[in-house]
Amino acid sequence: MADRLSLDRTVRDHQANRMSSRAAARFNAAFNVLLIVYAVLLGLAGGLFSALWMVEGEYPFGRREAQAWTAWPDLGSRDIDPYARAILARNGDIPLGIGEGLAFHAAADEARFPLDGSCTYTIAGATPPARYWTMTLYDTEGRHNASPSARASTTSARILRDEEGRMEITLSRDPHPGNWLIPPASPRFQIVFRLYDTPVSGTLSWVTEGSLPTIRRGECRS
Amino acid sequence: MSILARFALATICALVLGAIAHLAAILIMPWTSERHAAERLLMTTSADTAQLIAGPGVETWLPLPDPAVAVAACAYDLGEGPFRFTSRASGLMKSVAFHSRGSGIFFAVTDRAAIGGVLDIVVMTRAQRDLFDALQENDEDRSVLRVIAPEGEGFAVIRVLASLPSLTQRALQEAQDAGCTIEPLDDPA
């Protein structure tokens, strides 16, 4: 009788062990599937979102700075990096080629304060060698008021110079004699200074300190 | 392997997969984005002259357009033959650039490169260049600039600067007058 009870207990233990090992195997399998789903979803989502995040901002590589101005010369050459190519694909821009010219962007003045539409600025000094240049004001969204009365752009052919060939442009909401541009109505704005047919865009040379116009802030309206 | 170790392994796999997905997305974006300039210019492939896309008083999809510059473009497909781009040098500052999706700008010049008052540029594949060389037998026209394209499809952009407001209409007209034609090679074989 005792042997019989012992045998039953052994059988029950064995069955319990088999059930618990089956449950463990099922749990392991389910956990592995969960891990695979987790890895695939996290990998794809992370990879795609990080790619989209990278192409929404400004060009991450090839940035060249001179005074208050920033340019990306590689955009116009075959050395363009894959991120810049992807950004151009997203924003639809057609950059200037190295053989065409070079665009300099400024969103801050010489002291690195953001350009403020309520302030007066003086853009003065030398300009690098170029057949022509243009200077255009845009709001932070990239909008430009093309109306002549808006006075939001000028070119090297329209600029007045002093006896030494230097130019001075005043950016102000109030009228000024000489070269006068009016900042956009937005609180902040940006300037794009484009050199056309210039040796500066060649990869062998770069502008030295002082060879681009300086942007100095004057008085601000309260 | 413990649960924690398996979770760590899955996270490492996710990071590797994420890096691959990130790079793949960046690399294929020029071919998949509908906002790419090449995609927007596809309709100009069959046009014989450049189509105005930006300029003084012209509505444009280009970001930060230069209001003093008339911009016109035409897309090309070298499948049927080399692409010929022509524009007259008139005294206004002009520049021409050739773009492809995978290589960006592969050639750009200004009107200073014009020979005999005309900017005459032929874009061709390497195979077409070889065939052209075989057909010409040293009779090559030296007034034409010949460029090897990295890809079979691309687009040309001409910019004409109106340095003064009075030159605006002329700049717009000259940008649109640029010729964009496909000129098949006559293969005797």
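Residues numbered from 1 in each chain as written. Chains lettered and ligands numbered in written order. Predicted model: local features only at pLDDT ≥ 70, side-chain atom pairs only at ≥ 80, totals over all residues.

Now for the overall build of chain A. Within chain A, the regular secondary structure consists of two helices and 10 strands. A globule of 222 residues ought to have a C-alpha radius of gyration of about 17 Å, yet chain A, at 32 Å, is considerably larger. Taken along its principal axes, the extent of the C-alpha atoms in chain A is 125 × 45 × 30 Å. Expressed as a percentage of its 222 residues, the buried residues of chain A come to 32%. Pairs at least 24 residues apart make up 70% of the contacts formed inside chain A by residues separated by at least 6 positions. (Helix = DSSP H or I, 4+ residues; strand = E, 2+ residues; numbered from the N terminus. Rg over C-alpha atoms; globule rule 2.2 N^0.38 Å. Buried ≥ 20, exposed ≤ 12 C-beta atoms within 10 Å, placed from the backbone. Contact = placed C-beta atoms within 7 Å.)

Turning next to the overall build of chain B. From N to C terminus, chain B includes four helices and nine strands. Starting at the N terminus and walking to the C terminus, you meet the elements of chain B as α-α-β-β-β-β-β-β-α-β-β-α-β. The principal-axis extent of the C-alpha atoms belonging to chain B is close to 80 × 50 × 25 Å. Within chain B, buried positions represent 40% of all 189 residues.

Each partner contributes residues to the interface: chain A has 50 residues there, and chain B has 50 residues. Only α1 (2-56), α2 (82-91), β5 (132-139), β6 (153-155) and β9 (189-196) of chain A provide two or more residues apiece to the side of chain A that touches chain B. Looking at the side of chain A that touches chain B element by element, the count peaks at 14 residues for α1(A). When the residues that make up the side of chain A that touches chain B are grouped by side-chain class, the tally is 24 nonpolar, 17 polar and nine charged. (Nonpolar A, V, L, I, M, F, W, Y, C, P; charged D, E, K, R; others polar.)

This paragraph deals with the sheet that holds strand β6 (residues 118-124) of chain B. All names here are of chain B. With mixed pairing, four strands are arranged side by side in an open sheet as β7-β6-β3-β9. The two strands at the open ends of the sheet, each matched to only one other strand, are β7 (145-148) and β9 (179-182). On average, adjacent strands in this sheet sit at an angle of 20 degrees to one another, irrespective of strand direction. As paired strands, β6 and β7 are joined by four bridges and run parallel to one another. Bridged to Val 122 within β7 is Arg 146. (Pairing = 2+ DSSP bridges. Axes fitted to C-alpha atoms, helices over the stretch in contact; angles between N-to-C directions.)

This part is about the confidence of the model for chain B. It should be kept in mind that the predicted coordinates are not to be read in detail where pLDDT is low. All names here are of chain B. Counting all residues, the mean pLDDT for chain B is 90, and 96% of those residues have values of 70 or more. At the low end of the mean pLDDT range in chain B sits helix α3 (residues 126-136), at 86; at the high end sits strand β8 (residues 153-161), at 96. Quick note on the complex model: pTM equals 0.87, ipTM equals 0.89. (pLDDT = per-residue confidence, 0-100.)

This part takes up the sheet that holds strand β8 (residues 179-181) of chain A. All names here are of chain A. One open sheet holds the four strands; their spatial order is β8-β7-β4-β10, and the pairing between them is mixed. Pairing within the sheet leaves two strands with one partner each, and these edge strands are β8 and β10 (214-220). Here the average twist between neighbouring strands, direction ignored, is 25 degrees. In this structure, strand β7 (residues 167-171) lies alongside β8, joined through three bridges in parallel fashion. Bridging from a neighbouring strand, Leu 171 pairs with Leu 181 of β8.

Turning next to the environment of Ile28(B). Considering the arrangement of structural elements, one finds Ile28(B) in helix α1 (residues 3-32). In this structure the C-alpha to C-alpha distance between Ile28(B) and Arg101(B), which are 73 residues apart in sequence, comes to 9.9 Å.

Take the packing of α2(A) against α1(B) next. In contact at an axis separation of 8 Å, α2(A) and α1(B) are set at 40 degrees when each is read in the N-to-C sense. Between α2(A) and α1(B), the crossing angle belongs to the class labelled oblique. When you trace α2(A) past α1(B), the crossing you get is left-handed. In this structure, α2(A) uses Pro82(A), Tyr83(A), Arg85(A), Ala86(A), Ala89(A) and Arg90(A) to contact α1(B), whose residues at the interface are Ile26(B), Leu27(B), Met29(B) and Pro30(B). In the contact of α2(A) with α1(B), the residues fall into eight nonpolar, no polar and two charged. (Parallel < 35°, antiparallel > 145°, perpendicular 65-115°, else oblique. Left-handed = near helix turned anticlockwise from the far one by under 90°.)

For the rest of this paragraph, the subject is the pairing of strand β5 (residues 104-110) of chain B. Most of β5(B) sits out of view: seven of its seven residues are buried. Linking strand β4 (residues 94-100) of chain B back to β5(B) in an antiparallel pair, the connection comprises three residues.

Turning our eyes to something else, we now look at unusual backbone geometry. Here Asp197(A), not a glycine, exhibits a phi torsion of approximately 55 degrees, which is positive. Residue placement: Asp197(A) occurs in the loop between β9 and β10. On the basis of neighbour count, Asp197(A) is assigned to the buried category, with 21 C-beta atoms found within 10 Å. A positive phi is found at Leu64(B), a non-glycine position, where the angle reads about 45 degrees.

A few words now on α1(B). Residue and element names in this part refer to chain B. For α1, spanning 30 residues, the distance from its first C-alpha to its last is 40 Å, which sits close to the expected 44 Å at 1.5 Å a residue. At Ile 26, α1 shows its largest kink, close to 30 degrees, and the proline Pro 30 lies no more than four residues downstream. All of the buried residues in α1 are Ala 10, Ala 14, Gly 18, Ala 21, His 22, Ala 25, Ile 26, Met 29 and Pro 30. (Expected span 1.5 Å × (residues − 1). Bend = angle between axes of the 7 residues up to and from the residue.)

Moving on, we come to the environment of Val40(A). Looking at the secondary structure, you find Val40(A) in helix α1. Accessibility expressed as a C-beta count within 10 Å gives 15 for Val40(A), which makes it partly exposed.

What follows concerns the confidence of the model for chain A. With 95% of its residues at a pLDDT of 70 or more, chain A has an overall mean of 88. Mean pLDDT across the elements of chain A ranges from a minimum in α1(A), with 85, to a maximum in β9(A), with 96.

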